[in-house]
Amino acid sequence: MTNIPSLRNIDLPSAWQPAEVEAEMYERWVAAGYFTADPGSAKPPYCIVIPPPNVTGSLHMGHALDHSLMDALTRRRRMMGDEALWLPGMDHAGIATQNVVERELAGEGLSRHDLGREAFVERVWRWKAESGGMILHQMRRLGDGVDWSRERFTMDSRLSAAVQTIFKRLYEDGLIYRAERIINWCPRCHTALSDIEVEHSEDEGELISIRYGDGADSIVVATTRAETMLGDTAVAVHPDDERYRHLIGTEVLLPLTGRVVPVVADEHVDPAFGTGAVKVTPAHDPNDFEIGQRHQLPAITIMDERGLITAHGPFQGLDRFEARPAVVAALREQGRIVAEKRPYLHSVGHCSRCDTVVEPRLSLQWFVRVAPLAKAAGDAVRDGRTTIYPAELAKRYFDWVDNMHDWCISRQLWWGHRIPIWYGPNDKVICVGPGEEPPQGEGWTQDSDVLDTWFSSALWPFSTLGWPERTSDLIRFYPNSVLVTGYDILFFWVVRMMMFGLYAMDGVQPFHHVYLHGLIRDASGKKMSKSRNNVINPLDWLDRYGADATRFTLTRGANPGSDMALAEEWAAGSRNFCNKLWNASRFALMNGATTERPLPDRAELTDADRWILDRADAVVSEVDELFERYQFGKVCDALYHFTWSEFCDWYLELAKVQIAEDGQRAEHTRAVLGHVLDVLLRLLHPVIPFVTEVLWTSLTGKESVVLADWPTATGAEADTAAARRIDAVQRLVTELRRFRSDQLVKPGQRVPARLSGMDAAGLSALAQAVTTLARLEAPNGSFTASASLEIAVPDGTIAVEVDLSGTVDVEAERKRLTKDLAVAEKELAQTGAKLDNPKFTDRAPADVVAKIKARREQAAGDIQRIRARLAALEGA
């Protein structure tokens, strides 16, 4: 590790300017090797592998949230003395990447078929080298403390070997097979899709009721896809439905086809839905396929991979959407249409890459037999080897693993891990592993499909560490310490990693902990989408507010399993927090705060010094406990409150008074101020690394806060008496400030006052602090009390007499209050309008509604207070 000296600097710029610091500082960290893990270290291992972003991707708020949380965890563990590895990499993103390159080719008037498979794959690699991986550069802007020396890509040679290895093992264990099943099919991409690659939306369509058969033995079914009736091979009813009991086992005429189909009894049918009878099209509907399997029905494919009708007759060659109205018209002509409902809103699946309506289709594909793998994945959580945070999401995990269907892993693409199966003469089939020679000779061909992208990413926790080789990284860093990801991919990725990790690593789970956060939504709780125009680009926040403010905003909003509402004003608030920390540190440095001297004996310290040391100890313990439970939002709230409300608002003000006295007391205060600031900056570093690096190195003169020890409590017994006296000072000063405000005294103006009862309340040593903080001054010979008040404190009551003569500019104050009244009235009207709107109160998250209610109450209180002040001025 390179030694980079950094001298103590008390001459900080007047303002924190992140854009001038972040890029250079990050590269300095990387060059120094701070984030490079050593597998030979004797330190306890701590490992997180990054959920690999798509090579085509750009940083979005979901990435920024994930990365802020993972970086906070690994930076803290590194400071705690662990050998922390945060491993980066990218996913080859089969469909997305192939689509990008195909669009490029289309712009040149070419298709991938014009190039051929080998040349096309070479073209994709070239695109990856020239244009892919933009997100890796954006990760640097966010401050990701990843080990770049271990960067991985799912199509790297070593990871590809891992894919081949596990495929062959699964195949030889009978856990991979080839069969005809219903899959999601994209007629535009010409490939099977995983469920996560299908996006559902409520689309307007039609619901057509059709009569099959004639007379008393006819039966009515309803469908949103009339063209699929050409492939019907049965009508199903519930076995207990009395309406149709007499038809079970009979046959009815299927219109337009000349075929007859049986009426079968199946418990899948809901007798209360529609007519209680359903058409069964085994080749074009997943539920119908299952019915067909149970009743040995034929599966008739009536549509090709392009979505064109293949059934013989007048509809052959029509696109599915052209065939739909044509079939309805033909049925209408025969008098078979019983009812037509338009528009009919229903859920329709779309390809996430091209938005084409997905077609359920019977297809010959490769599958993983998941039953034993899923059971192992469930057992690992049930017996505590892996713990899910929050615990309530474990039920959702079990719902998935206990009810999994076999996983379709083949994709009809060219970019990806090609399935290592070879077909030869006489129906021979050979699976080829890494390093093995494929069969030679005439008649041997390799399967043309590639593996689902999720197949290779399911190996990520161990393939990135060198598996199947038993590398030092694998020995040292597997199992991973924690997986940080969104609950929305619990099934699609987390479950698959658990299955493959346990299988490949002989029953050892891939993660000790799985932390699942929620989705990021807009300020009203709505899902972010381009169509709603409510997407927030994290790169814009990085430009405007800096990395620290962006990270703090996201981390502060992260609660286990809960969605996060996000608004730009919160980023601005986080920037203000960084500025507050900067200004407080700058004040401390300019006033001699130091870490160069040990803390004085507690008996020599003031109440304020002992109080802030105790509070720092308490916050260290609280933050530790919250980090261990992945309560990131509460970590940030605790640090925000301590920094702003206690350290800045109170201790710094009290320290000013003590430093102004000079002498030994001032020196003690400088030592305490330096110690607490040191602790605070180290506590904040995992979340806001850039500003804390500048401030901590300026305070201590040491190399980097990245290398600093994580704070521990001093172990001193808390001084509860000192805390009570400081609480009394806070109450006293707060009430005096409120009184001044109510009496329209200018903030900077000192007011003559006489305080009684300070000795009895044990506050005599803090009298000067109260006088300074409340901007009071000693009464002179002409003092005449014009107002008085009594303020209750923990150990007594303080009587205060003040002379307010000549303190208020009545006309100027009237103008200011009139302006403030207009602002408050506008706020009351706006918040009231929102809360009176059911569309807002019914749809917005409860916390957002609560905030609007709080704003309305605040506005109402402000109006009452301002009007009272204006009334008081009338007699002035």
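First things first, this report covers the structure right here in the doc. (Residues numbered from 1 in each chain as written. Predicted model: local features only at pLDDT ≥ 70, side-chain atom pairs only at ≥ 80, totals over all residues. Heavy atoms only, no water.)

A look at the overall build of the protein chain
(1) Moving on: Broken down by element type, the protein chain carries 27 helices and 29 strands.
(2) Moving on: Counting every position in the protein chain, which comprises 876 residues, the buried fraction comes to 54%.
(3) Moving on: In the protein chain, once contacts between residues fewer than 6 apart in sequence are set aside, the share between residues at least 24 apart is 78%.
(4) Moving on: For the protein chain, the exposed area adds up to about 38000 Å²; of that, 49% sits on carbon and sulfur atoms.
(5) Moving on: Counting 98 positive and 123 negative side-chain charges, the protein chain places the averaged centre of each group 3 Å from the other. (Helix = DSSP H or I, 4+ residues; strand = E, 2+ residues; numbered from the N terminus. Buried < 20%, exposed > 50% of the residue type's maximum accessible area, 1.4 Å probe, protein only. Contact = heavy atoms within 4.5 Å. Areas by Shrake-Rupley, 256 points an atom, 1.4 Å probe, with all protein chains shown as cover. Lys, Arg positive; Asp, Glu negative; His and termini not counted. Charge placed at Lys NZ, Arg CZ, Asp CG, Glu CD.)

Here's the deal with the sheet that holds strand β13 (residues 337-351)
Backbone hydrogen bonds hold the strands of a sheet together, and the pairing may be parallel or antiparallel.
(1) Moving on: What the 3 strands build is an open sheet, ordered β8-β7-β13; its pairing is antiparallel. Of all the strands in the sheet, just β8 (219-223) and β13 have a single pairing partner and so form its edges. Neighbouring strand axes in the sheet, compared pairwise and without regard to direction, differ in orientation by 25 degrees on average.
(2) Moving on: Of the pairings in the sheet, the one linking strand β7 (residues 198-212) to β13 comprises 12 bridges and is antiparallel in character. From the neighbouring strand, L207 faces β13, where its bridge partner is K341.
(3) Moving on: The strands that helix α9 (residues 320-333) touches are β7 and β13; relative to β13, the one it contacts most, it runs at about 165 degrees. (Pairing = 2+ DSSP bridges. Axes fitted to C-alpha atoms, helices over the stretch in contact; angles between N-to-C directions.)

Considerations on a positive patch on the surface
(1) Moving on: Taken together, the side chains of K526, K527, R532, K839 and R843 make up a positively charged region of the molecular surface.
(2) Moving on: Residue position: R532 is located in the loop between β24 (520-522) and α16 (538-545).
(3) Moving on: With a relative accessible area of 48%, R532 lands in the partly exposed category. (Patch = residues over 30% accessible without salt bridge, like charges linked within 9 Å, V, L, I, M, F, W, Y side chains within 5 Å. Salt bridge = Lys/Arg side-chain N within 4 Å of Asp/Glu carboxyl O.)

Let's talk about the pairing of strand β22 (residues 480-486)
(1) Moving on: Among the 7 residues of β22, 7 are classified as buried, and the element is accordingly described as predominantly covered.
(2) Moving on: Here 6 bridges tie β22 to strand β23 (residues 511-517), and the two strands are oriented parallel to one another. Looking across to β23, one finds that T485 is bridged to L516.
(3) Moving on: In this fold, the crossover linking β22 to β23 by way of helix α15 (residues 490-504) has right-handed handedness. (Right-handed = clockwise from strand over helix to strand, strands pointing away.)

Examining the packing of aromatic side chains
(1) Moving on: Counted under the stated rule, the structure contains 32 aromatic pairs.
(2) Moving on: Both rings, one in W125 and one in W415, keep their centres 5.3 Å apart while their planes meet at 80 degrees; by these two values the pair is edge-to-face. One end of the pair, W125, is in helix α5 (residues 117-131); the other, W415, is in the loop between β17 (410-411) and β18 (421-424), and 290 residues separate them in sequence.
(3) Moving on: Here W125 falls in the partly exposed class, since its relative accessible area comes to 33%.
(4) Moving on: Ring geometry for F647 against Y651: centres 6.3 Å apart, planes inclined by 25 degrees, an arrangement best described as stacked. Placement of both F647 and Y651 in helix α20 (residues 632-660) is noted, with a separation of 4 residues, approximately one turn of the helix.
(5) Moving on: The exposure class assigned to Y651 is buried, which follows from its relative accessible area of 0%.
(6) Moving on: Members of the aromatic cluster, connected to one another through ring pairs, are F167, Y171, W366, W407, F455 and F500.
(7) Moving on: Between R75 and the ring centre of W29, over which it is positioned, the NZ or CZ distance is 4.7 Å.
(8) Moving on: If you follow R382 out to its NZ or CZ, it ends over the ring of F398, 4.1 Å from the centre. (Phe/Tyr/Trp six-rings, centres within 6.5 Å; stacked < 30°, edge-to-face > 60°. Lys NZ or Arg CZ within 6 Å of the ring centre and 35° of its normal.)

A short note on the pattern of salt bridges
(1) Moving on: Scanning the entire structure with this criterion turns up 57 salt bridges.
(2) Moving on: Among the salt bridges present, the one from R551 reaches D71, with a minimum N-O distance of 2.8 Å. Here the residue R551 occupies a position in helix α17 (residues 547-556), and D71 occupies one in helix α2 (residues 61-79), the gap between them amounting to 480 residues. Judged on exposure class, the residue R551 and its partner D71 are both buried.
(3) Moving on: Of the charged contacts, one joins D473 and R150 as a salt bridge, the two residues approaching to 2.8 Å between their closest N and O atoms. With D473 in helix α14 (residues 472-477) and R150 in the loop between α6 (134-142) and β4 (152-153), this pair connects stretches of sequence that are 323 residues apart.
(4) Moving on: Here D473 falls in the buried class, since its relative accessible area comes to 10%.
(5) Moving on: Classification of R150 as buried rests on a relative accessible area of 8%.
(6) Moving on: Connected through salt bridges with shared partners, the residues R76, R77, D82, D624 and E628 form a single ionic network.

Focus on the sheet that holds strand β19 (residues 428-431)
(1) Moving on: Spatially, 3 strands are ordered β19-β18-β20 in an open sheet, and the strand pairing comes out antiparallel. Of all the strands in the sheet, just β19 and β20 (445-446) have a single pairing partner and so form its edges.
(2) Moving on: In terms of strand pairing, β18 meets β20 through 2 bridges, oriented antiparallel. The residue of β20 that forms the bridge with Y423 is T445.
(3) Moving on: Helix α7 (residues 157-172) contacts β18 and β19 of the sheet and is inclined by roughly 130 degrees relative to β19.

Focus on helix α3 (residues 94-107)
(1) Moving on: Relative to the 20 Å expected for 14 residues at 1.5 Å per residue, α3 spans 20 Å between its end C-alpha atoms, a close match to the ideal helical length.
(2) Moving on: Among all positions of α3, only G94, I95, A96, T97, Q98, N99, V100, V101, E102 and L105 are buried.
(3) Moving on: Packed against the buried residues of α3 are α4 (112-115), α5, β6 (191-193) and α12 (453-457). (Expected span 1.5 Å × (residues − 1).)

A word on α7
Since the α-helix packs 3.6 residues into each turn, any two residues three or four apart lie on the same face.
(1) Moving on: Between its first and last C-alpha, α7 extends 22 Å over 16 residues, near the 22 Å set by a 1.5 Å rise per residue.
(2) Moving on: Buried within α7 are the following residues: L159, S160, A162, V163, T165, I166, F167, K168 and L170.
(3) Moving on: Positive phi appears at G174, one or two residues downstream of α7, with a value of about 75 degrees.

Points about the environment of S645
(1) Moving on: Mapping S645 onto the fold places it in helix α20.
(2) Moving on: What makes S645 partly exposed here is its relative accessible area of 25%.
(3) Moving on: Along the chain, S645 and G349 lie 296 residues apart, while their C-alpha atoms are 50 Å from each other.
(4) Moving on: For S645, the contacting residues outside a window of four places in its chain are Y640 and W650.

Here's the deal with the environment of S741
(1) Moving on: By the secondary structure assignment, S741 is in helix α23 (residues 720-742).
(2) Moving on: Here the alpha-carbon distance between S741 and R869, two residues 128 residues apart in the chain, equals 9.8 Å.

Things to note about the side chain of R76
(1) Moving on: Turning to its location among the elements, R76 is positioned in helix α2.
(2) Moving on: Discounting chain neighbours no more than four positions away, the residues touching R76 are D624, F627, E628, P686 and W710.

Description of the nonpolar core
(1) Moving on: Counting residues in hydrophobic clusters, the biggest one holds 143 residues, and the most contacted among them are L73, L566, F647, Y651 and I688.
(2) Moving on: Here this core takes 14 residues from α20, the largest share from any one element.
(3) Moving on: The contacts of L73, once residues within four sequence positions are left out, are Y46, I48, V482, V484, F627, Y630 and F632. (Core = buried A, V, L, I, M, F, W, Y, C linked by side-chain atoms within 4.5 Å.)

Some thoughts on the packing of helix α10 (residues 371-382) against helix α11 (residues 394-401)
(1) Moving on: The N-to-C vectors of α10 and α11 enclose an angle of 160 degrees; their axes lie 9 Å apart at closest approach. In terms of their interaxial angle, α10 and α11 are classed as roughly antiparallel. Classified by chirality, the crossing of α11 by α10 is left-handed. For the pair formed by α10 and α11, the contact residues are A374, A377, G378, V381 and R382 on the first element and Y397, F398 and V401 on the second. (Parallel < 35°, antiparallel > 145°, perpendicular 65-115°, else oblique. Left-handed = near helix turned anticlockwise from the far one by under 90°.)

A closer look at the side chain of Q631
(1) Moving on: Within the secondary structure, Q631 is located in the loop between α19 (607-628) and α20.
(2) Moving on: When its relative accessible area of 14% is taken as the criterion, Q631 is described as buried.
(3) Moving on: What Q631 contacts, discounting residues up to four positions off in sequence, is N559, P560 and L626.

A short note on unusual backbone geometry
(1) Moving on: Backbone torsion omega between Y389 and P390 reads 0 degrees, so that peptide bond is classified as cis.
(2) Moving on: With respect to the element layout, P390 can be found in the loop between β15 (387-389) and α11.
(3) Moving on: The peptide bond linking Y478 to P479 adopts the cis configuration, its omega dihedral lying at 5 degrees.
(4) Moving on: Counting through the fold element by element, P479 comes out in the loop between α14 and β22.
(5) Moving on: Look at H190: it is not a glycine, yet its phi comes out positive at around 60 degrees.
(6) Moving on: Within the secondary structure layout, H190 lies in the loop between β5 (176-186) and β6.
(7) Moving on: Given a relative accessible area of 30%, H190 falls into the partly exposed group.
(8) Moving on: Of note, D427 is a non-glycine position whose phi angle comes to about 60 degrees, a positive value.
(9) Moving on: Mapped onto the secondary structure, D427 falls in the loop between β18 and β19.
(10) Moving on: You can call D427 exposed: its relative accessible area is 74%.

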